[in-house]
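# Residue-level structure breakdown
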Amino acid sequence: MKSNTSISKIKSEFSLQNATSFGGVKIFLAYLEKIKLAQAMSSLSGGKAHNSIFPIHRILLYLVVGWMLGCERIFHFRKLQHDALLNRFLGGRCPHYSLLYKELGRLGRSCPQLATELRALNQEIIRPCLPVNIILDLDSTVETVYGHQAGAAKGANPHKPGRKSYHPLLAFEGQTRLNLNAVLRPGNTHSSTNAADFLQQTFELLGERKVKYARFDKGFGGEDFYSMWESKGIGYVGKLKWTERLSKEVQACRYWTRYVDGEWIIEGITLIYKATSWKKARRVAVIRKAQAFENDQGRFVFDTDWQYEAIVTNLEWEPIDLWRFYNQRCCMENYIKEVKNGFSIDRIATSDFKANELDLLIKLLAYNLFERFKRDCCEPVHRGYSIARFRLEFFHCAATIIHHSRAVVLKLAKNFANRYAWKRIEARVTLLE
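Owing to the predicted nature of the structure, the values given are computational and were not obtained by experimental measurement.

### Brief notes about helix α8 (residues 223–231)
Helical geometry note: an α-helix holds 3.6 residues per turn, so side chains three or four residues apart project in the same direction. Every buried residue of α8 is accounted for by Glu-223, Phe-225, Tyr-226, Met-228 and Trp-229. In this structure, the buried side of α8 is in contact with β2 (133–140), α7 (195–206), β8 (210–216), β9 (235–240), β12 (282–291) and β15 (307–313). Looking one or two residues past α8, Gly-233 carries a phi angle of roughly 70°, positive in sign.

Pasting the structure below:
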């Protein structure tokens, strides 16, 4: 309908009832019902009666959905409190955002076993998606804090030098993008601090699932760390610090194998090397690369142009294969970027350390649920979407809930751009057992 009425003359009134700004999230909420997440969460420790107004599973469900919908801080949950669709999903009423602060703090103080239960629940969620042979990628990240949070300390902080931070340790599965385990640590800890205990906990969570390969950067290492992989028969590939002692041994090597001879020249060699802190010698693959220069007399490379990388391993692969396999670990930086930008793991919720660890585990649980949802219900073209893009294209859609002929209908905007793809996802969710 055409109209020449100016915007300033259009009357305004707040009278629309049973409305939601996130009508598209119905497909995800229906998916949570299909996998019976609420029932699984109802068995978690929470120190509250099941008939309380907001039992533990409703609090956790609300947090998961809020992080999915783009809340960066708990204060942002206030925009969801009166959403008609979320109220119906949570049984008629959403808790006030201030209650979320109190509940996280209470759970952190009085329910020390809840973190273990959340890790076990996370494993149950991702178990159907894990491959037979797991590739474990290990890394840590820095979360800057801007207050006096418990456990925060000054450490290596490349983004905000001198500020206090947390230094969580994360384990991802390299083929499926799924988070296997996480632990929150003070900011003054080294990357490898308590890494062996963390990995042992991860192995126990995985149970009978076999870890075939492991990848890690030069922040992790040491005799005990390498011996753990070797004792379990796991093939590991880890970046090694380039030291002067290692450099001298490499310079003595003459017979390099050339793998690529184009604009970039890449050569490799293997040697048996024993660092001063190791109890035994180990296989080290060294890759060097340099950009070739051309003139009228041909192509040449200066000795000073070589860039060296060393990889310690127990695998009998060619150096170029080890190097390429390790480089695939770089995708983990994208996974960490996704959980930071998409699920706000770097936005610290409370001043209590244990509560903040619970918040980290809940956010990573939401991340895994999103990854499993894409795998189970979305088309291949949508499985690579980040959560920010998925929200924009599928979740953000004005809608109202109406009751008609004893039926409840969610009326979404007629001109919703992705309505056909959305309907196909909804059909897949309906077909789930």
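### As for the sheet that holds strand β1 (residues 19–20)
Pairing between the strands of a sheet is mediated by backbone hydrogen bonds and can be parallel or antiparallel. In spatial order, the strands read β1-β16-β17; together these three strands make up an open sheet with antiparallel pairing. The open sheet is flanked by β1 and β17 (407–412), the only strands paired with a single partner. Sheet analysis places β1 next to strand β16 (residues 399–404), joined by two bridges and oriented antiparallel. Within β16, the position partnered with Thr-20 by the bridge is Ala-399.

### What to know about the sheet that holds strand β5 (residues 164–166)
One open sheet holds the three strands; their spatial order is β3-β5-β4, and the pairing between them is antiparallel. Here the strands that pair on one side only, and so sit at the sheet edges, are β3 (143–144) and β4 (153–154). Pairing analysis gives two bridges linking β4 to β5, with the strands arranged antiparallel. The partner of Lys-154 across the bridge, within β5, is Lys-164.

### As for unusual backbone geometry
Its identity as a non-glycine residue notwithstanding, Asn-194 has a phi of 60°, on the positive side. Looking at where Asn-194 falls in the secondary structure, it is placed in the loop between β7 (179–183) and α7.

### As for the packing of aromatic side chains
What the rule picks out here adds up to 32 aromatic pairs. Pairing Trp-317 with Phe-325 gives two aromatic rings, centres 5.3 Å apart and planes at 70°, and the pair type is edge-to-face. Judged by relative accessible area, Trp-317 falls into the partly exposed class, the value being 27%. What makes Phe-325 buried here is its relative accessible area of 9%. In textbook terms, an aromatic cluster arises when at least three aromatic residues are bridged by ring pairs, as seen for Phe-28, Tyr-31, Phe-172, Tyr-335, Phe-343, Tyr-367, Phe-370, Phe-373, Phe-390, Phe-394 and Phe-395. Over the ring of Phe-325 we find Arg-215, and its NZ or CZ is 4.7 Å from the ring centre. Its guanidinium or amino end placed over the ring of Trp-256, Arg-288 lies 4.1 Å from that ring's centre, counting from NZ or CZ.

Conventions and cut-offs
Residues numbered from 1 in each chain as written. Predicted model: local features only at pLDDT ≥ 70, side-chain atom pairs only at ≥ 80, totals over all residues. Heavy atoms only, no water. Buried < 20%, exposed > 50% of the residue type's maximum accessible area, 1.4 Å probe, protein only. Helix = DSSP H or I, 4+ residues; strand = E, 2+ residues; numbered from the N terminus. Contact = heavy atoms within 4.5 Å. Pairing = 2+ DSSP bridges. Phe/Tyr/Trp six-rings, centres within 6.5 Å; stacked < 30°, edge-to-face > 60°. Lys NZ or Arg CZ within 6 Å of the ring centre and 35° of its normal.

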